[in-house]
Amino acid sequence: MAMDSGADGQSHKAHRSRHSGASAKKKTKAKNKDQNSDQKQQNPKAFAFRSNAKAKRLQSRAVEKEQRRLHLPVIDRSYGELPPFVVVVQGPPQVGKSLLIKTLVKHYTKHNLPDVRGPITIVSGKQRRLQFVECPNDINGMIDAAKFADLALLLIDGSYGFEMETFEFLNILQVHGFPKVMGVLTHLDKFKDVKKLKKTKQRLKHRFWTEIYDGAKLFYLSGLIHGKYPKREVHNLARFISVMKFPPLSWRTSHPYLLVDRFEDVTPPERVQMNSKCDRNVTLYGYLRGCNLKKGTKVHIAGVGDFSLAGVTGLSDPCPLPSAAKKKGLRDKEKLFYAPMSGLGDLLYDKDAVYININDQFVQYSKVDEMGGTTNKENKRDVGEDLVKSLQAVKSPIDEKLEKTKISLFSHNDRKRRKAIFGDGVDHSNLKSTDEENEGDEDDDSDNDNDEGENDRSNEDNESCSGSEFSDGDEEDLKSEEDDRSNEDNESCSGSEFSDGDKEDLKSEEDGMGNISKWRASLVERASKKQNINLMQLVYGKSASTSNTSTNEVKDDSENEESDEDEFFKPKGQRAKNSIEGLGGGNINTEDCSKSTKISELKNWKEEEVYESIRDRFVTGDWSKGALRNQMSEAKTEEDDIDGDFEDLETGEKYESHQKDDSSNGGIQKEDDDAIEERRLKKLALRAKFDAHYDGSESPEEETDVQNGGKFHRSQANDSGYYDKLKEEIELQKQINIAELDDLDETTRLEIEGFRTGMYLRLEVHDVPFEMIEYFDPCHPILVGGIGLGEENVGYMQTRLKRHRWHKKVLKTRDPIIVSIGWRRYQTTPVYAIEDQNGRHRMLKYTPEHMHCLAMFWGPLAPPKTGVLAVQNLSNNQAAFRIIATAYVLEFNHAARIVKKIKLVGYPCKIFKKTALIKDMFTSDSKWLGLRVQQFEL
Amino acid sequence: MGKITYKRLKGSQNMRQRLLLATLKSTPVLIEDIHAGDTLPGLRPHEISLLRLFEKLTDDCLIEINETGTKLKYKPGIIVGGSHLVHDCGFSRAIGYFLEPLILLGLFARKTLVIILKGITNDSKDPSVDTFRSTAFPLLRHFGVPSEGLKLEIKSRGVSPHGGGEVHLTIPTVQHLTATMWTDEGMVKRIRGEAFTTRVSVQLGNEMIYAARGIFNRLLPDVYIASDYRKRLEAGNSPGYGISLVAETTSGCCISADTTVSYPRGDEEEDIEDEGKKELIPAADVGEKLASVLLEEIEKGGVVDSTHQGLLFLLCALCPKDVSKVRVGKLSPYGIETLREIRDFLDVQFVIKPDPSTGTVILKCWGSGMKNLSRKTT
C-alpha cells in the first residue's frame, strides 16, 4: 500500500475505524449477530468432522504430537543426597554478573560477599543446595563452565542487546548436553522511554526464544537501588531457581565429575625449593557429581591432563543440608554457606583437621563463668567460637575416653572392622566367642585408633591394616577355636542331622534338646557367618590368608566328613588345589579350563537314599519344599541384614528362633507368601508414588497407605504403551538397586559401588605440572572429570561436522583447530572428507558451505554420539564469532581410510597403438619415472 | 599420551579371561613367565591360536611374543567382528575353549559376528558345542541378548586326536547388557540331551542313552535324549562318542553336563602305544556316569552349573551400573579365578554371601557400566 501511494505521489490518511461510541457498538453487535446466526455455532456437536480424511489427519497429528513429546527415559543412578546444583552466571563483561551472585548470596544467607572468587555453596532450602559460579569470559572458561552447569543464568545487557558471548555460550551448552537456561536482562533502568523499554524487551525475548525454544524464561531485573538489584526481584529470581527441575544429562550421568571449590598445593616445600618448576602434588576438593567414583578411576583435569588418583577421601559435608525436622523454611543457623576460594565461611575441613576462622576482635578465648557470661554476647557467637568453646568444655582427653569405651567400641565397630580386613585375615579374633575378647583387646585398641583417625577408609587405611598386625597368637587361637567348634559339632549331633534339606529333623532335635540346641544353633549361625568372610577372603584375599584358611579347611575335612555346613562352600577341586600348590603363590601356569567336575568321584545315584535326597529339586517332588528353598533364603538374608550384629548373643538367639519358626511350621509358606506380598505392595506403592511425583502432581503421604485396591488398579491402568513400560522397568531397577545396596554395610558398599554422588571428596593427584599452581586463578573454575571405559586410549575419531554458519570462512583440511570433546579440550589437525555414493571417503580440502562433512582427527577417544565443539582462536579480543564448527562422534578407529583424488601432469614419451608411456609425472628421483597408461577398448 | 603403560601379569593362567577383559576394557597387558619352567617353554599351540582369533576379530591390535614364547605383549584394538571369518582352532584344545571368550567378545563388536570354527567340537576337557547351544545361549538371554541372532550350527563333529569338526557361529551385537536378579533356581521340569557318535557303531549311542535314562527315570518322566549319529564327512577324522545333558528348571535355568570319549592326543599317544591301544570307557558307563554328574550339579544348586559360573560372573560384571544378583552352587575354581580377574581388570567386586540353608552362594555386584563403544552411530 505504501508502495502504491508512493507511486501516486499522494499520501492518503488511512481510515481509522471507530473503537468506541455508538457506531462502534453497532458494528460489534452486528458481528455478534452474524456469528450467532451461523449454523455451526448453534450445534457444534453436530459438526465435529465432516470429512473422513480430515479426521484421520487430525488424529494422526495428535498422535504424532504426543509421540514427539516423549523422550527416552534416562536412568538417574544417583541415590541419596544430591550434590548442590551448579548455577553458572554468564554474560559479557560489565553486565553485572558478580553483582547478581552477591545479591543472591545476600538474599539467601544475609552475608555480604566482598568479591566473587570460585564456587560459592549455599543452602537454599530444606532439600536444596546451590553452588554459584561466575563464568570467566575466555573461551576455555566458558567451555569448562558449560560442562558442569546445571543451570545457566545468561545475563544480557538490555540497553545494549545481545553480545557474542551469550550466543557462544549457548552454542557450547548445546554441544555438551543442554542444561537448563534462563536469561536475565539487566541495565533496564537506562531506558527512559517506557514504550521503548517494552519494545526492546519484546524484541530481545523473541530473539532469545528463537535461540532456545518458544517460551524460554527471560527474567527482567529493572535496575539498581543503592548499587544492588531490587530485593523483590532478586526474591522472585530465587524463587524461579528454587522450583527449577534439572533433568539428567547423558554424558554426565555416565561420568563422575567434580567442580573444585578448594584447591591446595601439598608438594613438600623442600622439593619446591630445590626446583621451583618441579611437578607438584595437589589436593582438589569438591562435591562428587554425575555417577559414582571408584578408586581406580583415572581423572582428567580440564586444561591440565589425565592423572590417576593418588588418594580419594570422603570428607564430612562442609555445607550440610538441615536436619529433616518438620518445619517451615530454614532457620538462620542453617543458612550455611561455603566458599573457601573467596576466603569466606567459618570452617575449613581437611582430611585430618578442621580449621576454624574466627574474627579476632569479637572473641574471648578464655573460659567465662557460666553466670557472669555476657548475655548480649551469647547471641553473636560465631560457629567457630562455639566449636572452640565446646572443645574447652571437654572433661577428659580423647585417649582416656578411648580407654573407657573399650568394650562398647568392640561390639559397635564390629562390622566396620570386619571390612577393614577384607583382604587379609587380621581380625579373626573378633569373630570368636566372648571368652576371647579379653585377649584380643590390645590389638583391638590399636586397630581402633587407626579406624577412628581415618574413618574414611582411604588406601592408606588398607595398607596399614594389612599383614603386619597378624600375630601368631591369633592364628593359634583361630585354629584351636576351629577345632573346638567342629568337635562340638560332632558331639551334639552325631550323624547328618544338619544337612541342609532336613528342616524337620532340625526342628525335632531342637525341641528335644531345648537350651543346648539353641545355643548350638546360634553357634552354627555364627559359623556360617564366618564362612561369609572366609568366602570373600578366599576369592579376593591375599595369598597368605587364603592359604591359612585353606589349611583349616583341610583339617576340618579330615576330621568330619559329615558336617556339611562347614565345607559347603569350598569346592572340592579348589581345596585340593589349595593344599597342593598354595593358591596364587605357586603355579601361575595352571591350565585354563572351565570344567571342574571329576567323573571319578561320584556318588552312587542308583541308591535310593541318594537320589531321594534331591527329589525335591524336581517337579515330581514336593513343590512346597522346593519353593521353600528360595523363599527361606531370601527371608533369611533380609532378617540377617536387619539385626546386623551377629556377635551379640541376643540377636543370635532371636535369629535362631526365627529359623525354628520357619522350619517347624508346616504351613510356613503362607507366612512367607504374606511377607512376599507385603514386599511387593511396598514396591508398588513406592513406584506409584514416584509416578505421581514424576507427573508433577505430588501425591500426599496418606495415599501411599492405600495399598491394595485403587493403587494397584491404577498402576495396571498405567501399563499402556511401551513408554510407560520402559519407565516402569527403570524405576523398578532403581528400587532394586537401592534395596540391594542398602543391605550392605558402609565399607562394603564403598568397595562395591565406590564413592556416592553428593559426597564431598578430597582428591589427591601427584605429579601435576607446576603451571597449574603457578597460573591458578580462583575465578577460573577447575573441572575434574572421571574417564570412562576406553576413553584413555588414543586413536582416530570420525565425526560428522558442520561449520558454524556464523563463522565467516570455510575450514581447511589440516589447519589446526582446538576441539572440546567430553571433558577434554585439545588441539588437533582434522582431515575433512565426504562419503561418496559408493561408500568411499573422499578427502575434501575445504569444508562444504552449508553441509555436514566428515572430519577425521587423532586424539583421545570419546564414545560415539559425544558432542564436539571446535574453536580456532582462543583470544578474547576478536569481534567475530569464535566457534567455528560443531560436530558429533560417529565412531572411532585405530586407522581410517580416506582417499584423495590427484591429478598428475606428464608428457608422453612413447605412444603405441593402445598404450602410452608418460614421463615426468613424479618429481622424485626414484626409478619409476613414468606411468603406463592403457586405453581400454569400448 | 603417546606412551603405552602395560598392565603386568605373570603366567599363562586365565589367559582367556585376561585377554578378553583386556580387549573389552582396552587395557594393554604384558604377560611374563608363560610356562617358563616347563621343558617346552612358551605359549601353547591353543594359546597362540587364541591370540590369532583375537587378532582376527579386532582392528589394529598389537601382539608381540618373544623368541622363547614366554613373554607376551598385547595391545588390544577395537572389536570389529564381521562375517566370513574362518578360524582353525587346532587340535590341542576343543572349540569350547575358544567359544567361551568369543561369545562375549562378539556381543561388544561393531558388526554381527559370523565365524566358522574348525577343530575339535567335543572334548572331555572343555564344554562341548552342544552345551553352548543348550545352556550358554539361554544364559545370555537373561542378560538381555536377543535370542534370534544367536546361532550355532554343527556342520560336522570332530573329536580328538584329529578333529575335523566345523561349527558356524553367529553372535549379534548389543548396545549394553541388562542387569539381572536371578536367584530363583526353580525345580527341574525336564531333561534333554544329545548323544553323538562319530566313526563308531551307532549301538554305542543307544547304550549311552539307555543308561542315562535309567538313572533319571526314577526322578523324572520327562527325559528325552536325542541321538546324533554322524557319518562320513560329517563325522570328522577320529572315532569317538559322547553325550551332553541339560536339565531345565521351572524358572528357566539350564544346568548341563557333558563328556566325550575318544582316543587321546598326539603327545600322550607315545606312552600308550607301549601298552597297545588303550581301551575306551564302555558307552553304558559313560551314560551312567554323566547322568550322575548332572544329578550332582543339580544337587549343588544355583542358577547355572559349575562350568558356566565364569561366564555368568563375567556377564554380571559387564552389566550397566546396576545391581545384579545371582545364585550359584559351590564356587568352582574357574569361577573364583574369574572373579579375581574381574576385580583386577574391571574394578568390580562381588559381595559373596553363602546361603547355608540350601548350600548355595549368592553373589551381588554393581556392574562396570560397559557399553558397546565400537558400534557405529548413524
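Residues numbered from 1 in each chain as written. Chains lettered and ligands numbered in written order. Predicted model: local features only at pLDDT ≥ 70, side-chain atom pairs only at ≥ 80, totals over all residues. Heavy atoms only, no water.

- Per an unreviewed UniProt entry, chain B carries the name Probable RNA 3'-terminal phosphate cyclase-like protein and comes from Gossypium hirsutum.
- You can read under Subcellular location (unreviewed entry) in the UniProt record for chain B the words "Nucleus, Nucleolus".
- Reading the Sequence similarities (unreviewed entry) entry of the UniProt record for chain B gives the comment "Belongs to the RNA 3'-terminal cyclase family. Type 2 subfamily." (UniProt positions renumbered as here; feature names shortened; annotations may be inferred.)

- Within an unreviewed UniProt entry, the label attached to chain A reads Ribosome biogenesis protein BMS1 homolog isoform X6, and the organism entered is Gossypium hirsutum.

Side note on the overall build of chain B
- Helix and strand content of chain B: nine helices and 18 strands.
- For 378 residues, the compact-globule estimate of 2.2 N^0.38 gives 21 Å, and chain B sits close to it at 21 Å.
- For the C-alpha atoms alone, the extent of chain B along its principal axes is close to 65 × 50 × 45 Å.
- Residue burial in chain B is summarised as follows: out of 378 residues, 64% are buried. (Helix = DSSP H or I, 4+ residues; strand = E, 2+ residues; numbered from the N terminus. Rg over C-alpha atoms; globule rule 2.2 N^0.38 Å. Buried < 20%, exposed > 50% of the residue type's maximum accessible area, 1.4 Å probe, protein only.)

With respect to the overall build of chain A
- For chain A, the count of helices and strands is 32 helices and 27 strands.
- Residues classed as buried in chain A amount to 46% of the 938 residues present.
- Summarising the internal contacts of chain A: among those between residues at least 6 apart in sequence, 71% fall at separations of at least 24.
- As presented, chain A carries roughly 51,700 Å² of accessible surface, and 51% of it is formed by carbon and sulfur atoms. (Contact = heavy atoms within 4.5 Å. Areas by Shrake-Rupley, 256 points an atom, 1.4 Å probe, with all protein chains shown as cover.)

Some details on a negative patch on the surface
- Among the surface-exposed residues, Asp279(A), Asp767(A), Glu771(A) and Glu774(A) lie close enough to one another that they form a single negatively charged patch.
- With respect to the element layout, Glu774(A) can be found in helix α32 (residues 771–774). (Patch = residues over 30% accessible without salt bridge, like charges linked within 9 Å, V, L, I, M, F, W, Y side chains within 5 Å. Salt bridge = Lys/Arg side-chain N within 4 Å of Asp/Glu carboxyl O. Lys, Arg positive; Asp, Glu negative; His and termini not counted. Charge placed at Lys NZ, Arg CZ, Asp CG, Glu CD.)

Description of a positive patch on the surface
- Positive charge collects at one region of the surface, where Lys812(A), Arg814(A), Lys845(A) and Lys900(A) lie side by side.
- Relative to the helices and strands, Lys812(A) resides in the loop between β17 (794–803) and β18 (817–821).

Brief notes about the side chain of Thr249(B)
Residue and element names in this part refer to chain B.
- Relative to the elements of secondary structure, Thr 249 occurs in strand β14 (residues 240–249).
- Engagement of the side chain of Thr 249 in a polar contact is seen with the backbone oxygen of Glu 185, the distance being 2.9 Å.
- Not counting the four nearest positions on each side in its chain, Thr 249 is found in contact with Glu 185, Gly 186, Met 187, Val 188 and Lys 189. (Polar contact = N/O pair within 3.5 Å; in protein donor to acceptor, adjacent residues only side chain to side chain.)

Observations concerning the interface of chain A and chain B
- Contacts between chain A and chain B engage 94 residues on the former and 101 residues on the latter.
- Summing both partners gives a buried area of about 9,100 Å² for chain A against chain B, and 56% of it is carried by carbon and sulfur.
- Contact with chain B buries surface across chain A, with Tyr540(A), Asp592(A) and Leu789(A) losing the most and accounting together for 9% of the total.
- Where chain A touches chain B, the interface holds four salt bridges.
- A salt bridge links Arg110(B) to Glu891(A); its shortest N-O distance comes to 3.4 Å.
- The interface formed by chain A and chain B holds 17 residue pairs in polar contact (both at pLDDT 80 or more) in total.
- For the side of chain A that touches chain B, the secondary structure elements donating two or more residues are α21 (515–540), α24 (572–581), α26 (623–643), α30 (721–743), α31 (746–753), β17 and β24 (883–893) of chain A.
- No other element matches α26(A), which puts 11 residues into the side of chain A that touches chain B.
- Looking at side-chain class alone, the side of chain A that touches chain B contains 36 nonpolar, 27 polar and 31 charged residues. (Buried area = accessible area lost by both parts, 1.4 Å probe. Nonpolar A, V, L, I, M, F, W, Y, C, P; charged D, E, K, R; others polar.)

Some details on the domain arrangement of chain B
Residue and element names in this part refer to chain B.
- Along its sequence, chain B is carved into domain 1 (1–77), domain 2 (188–263 + 282–300) and domain 3 (305–366).
- Look at where the C-alpha atoms of domain 1 and domain 3 centre, and you get two points 25 Å apart.
- Counting from both sides, the interface comprises 14 residues of domain 1 and, opposite them, 10 residues of domain 3.
- Buried surface at the junction of domain 1 and domain 3, summed over both partners, amounts to about 1,000 Å²; 67% is from carbon and sulfur atoms.
- Inspection of the region where domain 1 meets domain 3 yields one salt bridge.
- Along the contact surface separating domain 1 from domain 3 lie five residue pairs in polar contact (both at pLDDT 80 or more).
- Secondary structure elements with two or more residues in the side of domain 1 that touches domain 3: β1 (7–10) and α1 (15–25).
- For the side of domain 1 that touches domain 3, the leading source of residues is α1, giving eight residues.
- Residue classes in the side of domain 1 that touches domain 3 are distributed as six nonpolar, four polar and four charged. (Domains from an automatic or database assignment.)

Section: the packing of aromatic side chains
Residue and element names in this part refer to chain A.
- Tallying each qualifying case throughout the model produces 15 aromatic pairs over all chains.
- Judged by centre distance (5.4 Å) and plane angle (85 degrees), the rings of Phe 167 and Trp 806 are edge-to-face. Remark: Trp 806 occurs in the loop between β17 and β18 and Phe 167 occurs in helix α7 (residues 164–175); sequence separation between them is 639 residues.
- For Trp 806, a relative accessible area of 25% translates into the label partly exposed. (Phe/Tyr/Trp six-rings, centres within 6.5 Å; stacked < 30°, edge-to-face > 60°.)

Structural notes on helix α8 (residues 194–211) of chain A
Residue and element names in this part refer to chain A.
- For α8, spanning 18 residues, the distance from its first C-alpha to its last is 26 Å, which sits close to the expected 26 Å at 1.5 Å a residue.
- Listing the buried residues of α8 in full gives Leu 197, Thr 200, Leu 204, Phe 208, Trp 209 and Glu 211. The buried residues of α8 occupy one face: seen down the axis, they fall within an arc of 165 degrees. Opposite the buried face of α8, by more than 90 degrees, sit the exposed residues Lys 195, Lys 198, Lys 199, Arg 203 and Thr 210.
- At its buried positions, α8 is contacted by β4 (151–157), α7, β5 (180–186) and β6 (218–220). (Expected span 1.5 Å × (residues − 1). Arc of directions from axis to C-beta.)

Overview of a nonpolar patch on the surface
All names here are of chain A.
- Together, Ile 902, Leu 904 and Phe 922 give the surface a local cluster of nonpolar side chains, amounting to about 270 Å² of exposed area.
- Checked against the element boundaries, Ile 902 lands in the loop between β24 and β25 (907–911).
- Residue classification places Ile 902 among the exposed residues on the basis of a relative accessible area of 60%.

Concerning the sheet that holds strand β15 (residues 254–262) of chain B
Residues and elements named next belong to chain B.
- Across the sheet, which stays open at both edges, the four strands sit in the order β13-β12-β14-β15 with mixed pairing between neighbours. Edge positions in the sheet fall to β13 (223–230) and β15, since each of these pairs with one other strand and no more. Taken pair by pair, the neighbouring strands of this sheet meet at an average axis angle of 10 degrees, ignoring direction.
- Where strand β12 (residues 188–198) and β14 come together, 10 bridges link them in antiparallel fashion. Counted as the bridge partner of Glu 194 is Ser 244 from β14.
- Each of β12, β14 and β15 touches helix α4 (residues 129–141); the most contacted strand, β15, lies at about 165 degrees to it.
- The strands touched by helix α5 (residues 202–216) are β12, β13 and β14; relative to β13, the strand with the most contacts, the crossing angle is about 165 degrees. (Pairing = 2+ DSSP bridges. Axes fitted to C-alpha atoms, helices over the stretch in contact; angles between N-to-C directions.)

A few points about the pattern of salt bridges
Residue and element names in this part refer to chain A.
- On inspection of all chains with the given rule, the structure shows 42 salt bridges over all chains.
- One salt bridge in this structure joins Arg 756 and Glu 746, with 3.1 Å as the shortest N-O distance. Of this pair, Arg 756 sits in the loop between α31 and β15 (760–768) while Glu 746 sits in helix α31, and the two are 10 residues apart along the sequence.
- One salt bridge connects Arg 749 with Glu 753, and the closest N-O pair in it is separated by 2.8 Å. Here the residue Arg 749 and the residue Glu 753 both occupy positions in helix α31, the gap between them amounting to four residues, near one helical turn.

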